[in-house]
Amino acid sequence: MEARHSALRVEEAEDVVKELRAALAKAGITPPSPGQDPVSPAREVPRPLVEPGRCSVGTARRIAAVVR
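Note that the structure is predicted; figures quoted are calculated from it, not measured.

**Describing the overall build of the protein chain**
Then step 1. Scanning the protein chain for helices and strands turns up two helices and two strands.
Then step 2. In sequence order, the protein chain lays out its α and β elements as α-β-β-α.
Then step 3. The buried share of the protein chain, reckoned over its 68 residues, is 19%.
Then step 4. A separation of at least 24 residues holds for 42% of the contacts in the protein chain among residues at least 6 apart in sequence.
Then step 5. As displayed, the protein chain offers around 5200 Å² of accessible surface, 56% of which is attributable to carbon and sulfur atoms.

Written out as structure tokens, the structure reads:
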């Protein structure tokens, strides 16, 4: 049961990464490397983290403008 719960959490994080990419693309922003943190699912109680990705200052400003 716990393994299935862990798998669902990882799937959920993968879905969120796809949603983030799609939302940013709709706003005209192409992030370089959004993805799932590779270490966080390995915890005893998995809590996958999503890394928005490293980006330039200009891209960060565009993301901030969209969020505002």
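**Let's talk about the confidence of the model for the protein chain**
Then step 1. Across the protein chain, pLDDT averages 76, with 84% of residues at or above 70.
Then step 2. Of all secondary-structure elements in the protein chain, the lowest mean pLDDT belongs to strand β1 (residues 35-36), at 74, while helix α2 (residues 57-67) reaches the highest, 80.

**Considerations on a negative patch on the surface**
Then step 1. Taken together, the side chains of Glu12, Glu14, Asp15 and Glu19 define an acidic patch exposed on the protein surface.
Then step 2. You can see Asp15 is positioned in helix α1 (residues 2-26).
Then step 3. Taking the relative accessible area as the measure of exposure, Asp15 reaches 41% and is therefore partly exposed.

**Brief notes about the environment of Gly35**
Then step 1. In this fold, Gly35 is placed in strand β1.
Then step 2. Separated by 19 residues in sequence, Gly35 and Val16 have C-alpha atoms that sit 9.2 Å apart.

**Regarding the environment of Pro38**
Then step 1. Looking at where Pro38 falls in the secondary structure, it is placed in the loop between β1 and β2 (50-51).
Then step 2. Taking the C-alpha atoms as reference, Pro38 lies 8.1 Å from Pro48; in sequence the two are 10 residues apart.

**Quick notes on the environment of Arg54**
Then step 1. Mapped onto the elements, Arg54 comes out in the loop between β2 and α2.
Then step 2. Once the C-alpha coordinates of Arg54 and Pro31 are considered, the two residues, 23 residues apart in sequence, prove to be 7.7 Å apart.

Criteria and cut-off values
Residues numbered from 1 in each chain as written. Predicted model: local features only at pLDDT ≥ 70, side-chain atom pairs only at ≥ 80, totals over all residues. Heavy atoms only, no water. Helix = DSSP H or I, 4+ residues; strand = E, 2+ residues; numbered from the N terminus. Buried < 20%, exposed > 50% of the residue type's maximum accessible area, 1.4 Å probe, protein only. Contact = heavy atoms within 4.5 Å. Areas by Shrake-Rupley, 256 points an atom, 1.4 Å probe, with all protein chains shown as cover. pLDDT = per-residue confidence, 0-100. Patch = residues over 30% accessible without salt bridge, like charges linked within 9 Å, V, L, I, M, F, W, Y side chains within 5 Å. Salt bridge = Lys/Arg side-chain N within 4 Å of Asp/Glu carboxyl O. Lys, Arg positive; Asp, Glu negative; His and termini not counted. Charge placed at Lys NZ, Arg CZ, Asp CG, Glu CD.

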